[in-house]
Amino acid sequence: MTGDDVPIGRRVASWRVRRRMTQQVLADRLRRSKSWVDKIERGVRPLDRYSVIQEVAHVLRVEPEALLGQPRSTPAGTPDGVDDIRAALARYDTPEATQQTPEEARRQVEHAWLSYQHAHYAQLVRLVPGLLDAAQGARSAELLVSAYRITSSLLVKLGEADLAWLAADRAMGAAGDDPVLAATAAVSVGQALRASGRDRLALAATLAANHVRPRRSAGEWAVGGTLLLQAALAAAGCGEHRHAAALTDRAAGVATNLRGYDDQHRTSFGPVAVELVRVLLAAARDNSVEALRRHSIVVRREGWRWLPAEYRGAYLLDAARVYVHAGDLRGAARVLVDADSVAPAEVRGRPLARTLIADCARARPAPAGVARLATLVGLTR
């Protein structure tokens, strides 16, 4: 059976499982009966009214086209060039003309990291194919791991989770026997696997990498702390909330002992990063009250404004989702507007942001700022 032949009920069931909902949870959020959901998923009852399809898609946090089996429309602002990145990842030889000295390649990698952390994704999409060629030509494991990590992180932003996993896996391969490089690559592996809904695999990968060796420098401890946070988020995705809390507590212990370290591995790890994860863990437990309380505290901390724009923008999208689930569309709108001021590409280019803006635009009257954002991402009301 091809993708286009899959009944809409099967798609609803598939997305429900990916969102880790039971039939009863989905029914409650739709304000319908469990029997209704069961009949829809089994095809006993037709799902043929577009307004109802929109309602189901809204609860499942997908576009209606995902349930209808139609090609996903490209959000306005999403950079072109993913096919060029795919082609670069598929190339195993490095043309002689692209071979560069390690110093030249290092400058390119540093520029790419800065572009990523400032959320200049459209620019970075164009840079990545040449970046990968330059890193391969320099024949430096450190630079190649960094280039693949940047590529993987960018692809996660663009909604290309499977391709992101391929780039992260290439980073693991390039790390060879270097345990620190392997640990940094494992951070990207965990992010990509979580983005594709493979939380169990992400949990196993991040925990395994975190036991490679004792970390001696502050930067290495930061990588270990980041792996613990990635593992905590993966555990929460598996429903292992106590395990997630324990991993976060361990990361908090690591963060307490780090002060002013050189973040050479680009982790942005520290006490604020730990508290941001605690917000997301509370949300994963469906405790919106605790999540929003923690959110209001952490964004007022001094360390918050020192995080990269990309990091803050991505977190604010997650916070907006918490507000939506809590039924506070005006709060979600305020956070989305804040995210747009911090990292416009996060809001104007990511599929998640498009869905959240559509959620907020359903309010009557629509919250301030939402109409402008809806226009920017190509949504019509």
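Residues numbered from 1 in each chain as written. Predicted model: local features only at pLDDT ≥ 70, side-chain atom pairs only at ≥ 80, totals over all residues. Heavy atoms only, no water.

**Let's talk about the overall build of the protein chain**
- Broken down by element type, the protein chain carries 21 helices and zero strands.
- For the protein chain, the C-alpha radius of gyration of 21 Å lies close to 21 Å, the compact-globule estimate for 381 residues.
- Over its C-alpha atoms, taken along the principal directions, the protein chain stretches across nearly 60 × 45 × 40 Å.
- Burial status across the protein chain gives 52% buried among its 381 residues.
- Of the contacts formed within the protein chain by residues at least 6 apart in sequence, a portion of 64% connects residues at least 24 apart.
- Counting only carbon and sulfur atoms, one obtains 51% of the accessible surface of the protein chain, whose full area is about 17800 Å².
- Each charge sign in the protein chain was given a centre, from 53 positive and 41 negative side chains, and these centres are 7 Å apart. (Helix = DSSP H or I, 4+ residues; strand = E, 2+ residues; numbered from the N terminus. Rg over C-alpha atoms; globule rule 2.2 N^0.38 Å. Buried < 20%, exposed > 50% of the residue type's maximum accessible area, 1.4 Å probe, protein only. Contact = heavy atoms within 4.5 Å. Areas by Shrake-Rupley, 256 points an atom, 1.4 Å probe, with all protein chains shown as cover. Lys, Arg positive; Asp, Glu negative; His and termini not counted. Charge placed at Lys NZ, Arg CZ, Asp CG, Glu CD.)

**Let's talk about the nonpolar core**
- Ranked by size, the top nonpolar core spans 60 residues in total, and within it Phe269, Tyr315, Leu336 and Ile357 carry the most contacts.
- In this structure, tyrosine 315 is in contact with Leu276, Val279, Leu280, His295, Val298, Val299 and Trp304, ignoring residues within four places of it in sequence.
- Judged by nonpolar contacts, the second largest core, of 38 residues, contains Ala105, Val128, Val145 and Leu163. (Core = buried A, V, L, I, M, F, W, Y, C linked by side-chain atoms within 4.5 Å.)

**Considerations on the packing of helix α14 (residues 241–256) against helix α15 (residues 271–284)**
- Relative to each other, α14 and α15 sit at 170°, their axes nearing to 9 Å. Considering the angle they form, α14 stands roughly antiparallel to α15. Across from His241, Ala244, Ala245, Thr248, Asp249, Ala251, Ala252 and Ala255 in α14, the residues of α15 making contact are Pro271, Val274, Val277, Arg278, Leu281 and Ala284.
- Classifying every residue of the contact of α14 with α15 gives ten nonpolar, two polar and two charged. (Axes fitted to C-alpha atoms, helices over the stretch in contact; angles between N-to-C directions. Parallel < 35°, antiparallel > 145°, perpendicular 65-115°, else oblique. Nonpolar A, V, L, I, M, F, W, Y, C, P; charged D, E, K, R; others polar.)

**Let's talk about helix α17 (residues 309–325)**
- A rise of 1.5 Å per residue sets the reference length of α17, with its 17 residues, at 24 Å; its end C-alpha atoms lie 25 Å apart and thus fit the reference within 8%.
- In terms of burial, α17 is a largely internal element, 14 of the 17 residues being buried.
- The first or second residue beyond α17 is glycine 327, which carries a positive phi of 85°. (Expected span 1.5 Å × (residues − 1).)

**Considering unusual backbone geometry**
- Backbone geometry places arginine 20, a non-glycine residue, at a positive phi of 55°.
- Take arginine 20: it is sitting in the loop between α1 (8–18) and α2 (23–30).
- Positive phi values are uncommon outside glycine, yet arginine 61 reaches one of about 60°.
- Of the residues examined, arginine 61 reaches a relative accessible area of 21% and is grouped as partly exposed.

**Considerations on the environment of alanine 255**
- Tracing the sequence through the fold places alanine 255 in helix α14.
- Sequence-wise, alanine 255 and alanine 218 are 37 residues apart; in three dimensions their C-alpha atoms are separated by 9.9 Å.
- With residues up to four places along the chain from it excluded, the contact list for alanine 255 reads Phe269, Gly270, Pro271 and Val274.

**Some points on the confidence of the model for the protein chain**
- Across the protein chain, pLDDT averages 87, with 91% of residues at or above 70.
- Ignoring residues within four places in sequence, the model shows residues 71–78, a span with pLDDT below 50, making 14 contacts including any to other chains. (pLDDT = per-residue confidence, 0-100.)

**Quick look at the packing of aromatic side chains**
- One pass over the structure, following the stated rule, counts three aromatic pairs.
- Considering the side-chain rings of tryptophan 113 and tyrosine 116, the 6.4 Å spacing of their centres and the 75° angle between planes classify their relative orientation as edge-to-face. In this pair, tryptophan 113 and tyrosine 116 are both assigned in helix α7 (residues 102–117), three residues apart and thus about one turn of the helix distant. Note on accessibility: tryptophan 113 and tyrosine 116 belong to one class, buried.
- A centroid spacing of 5.7 Å and a plane angle of 75° characterise the contact between tryptophan 304 and tyrosine 315, whose relative ring orientation is edge-to-face. Separated by eleven residues along the polypeptide, tryptophan 304 in the loop between α16 (288–298) and α17 and tyrosine 315 in helix α17 bring together distant segments of the chain. Across this residue pair, the class does not change: tryptophan 304 and tyrosine 315 are buried.
- Aromatic ring contacts, followed pair by pair, group Trp113, Tyr116 and Tyr121 into a single cluster. (Phe/Tyr/Trp six-rings, centres within 6.5 Å; stacked < 30°, edge-to-face > 60°.)

**What about helix α9 (residues 141–157)?**
- End to end, α9 covers 24 Å across 17 residues, agreeing with the expected 24 Å (1.5 Å per residue, within 8%).
- At the exit of α9 stands glycine 159, carrying a positive phi of roughly 80°.

**So, the pattern of salt bridges**
- What the rule picks out here adds up to 24 salt bridges.
- In this structure, the salt-bridge partner of arginine 305 is glutamate 302, at a minimum N-O distance of 2.9 Å.
- In this structure arginine 305 comes out as partly exposed when scored by relative accessible area, which is 49%.
- With its nearest N and O atoms 2.9 Å apart, the salt bridge here joins arginine 321 to aspartate 318. Here aspartate 318 and arginine 321 lie together in helix α17, a separation of three residues that amounts to about one turn.
- For arginine 321, a relative accessible area of 24% puts it in the partly exposed group.
- Salt bridges sharing partners connect three or more residues here, namely Asp249, Glu275, Arg278, Arg285, Glu290 and Arg294. (Salt bridge = Lys/Arg side-chain N within 4 Å of Asp/Glu carboxyl O.)

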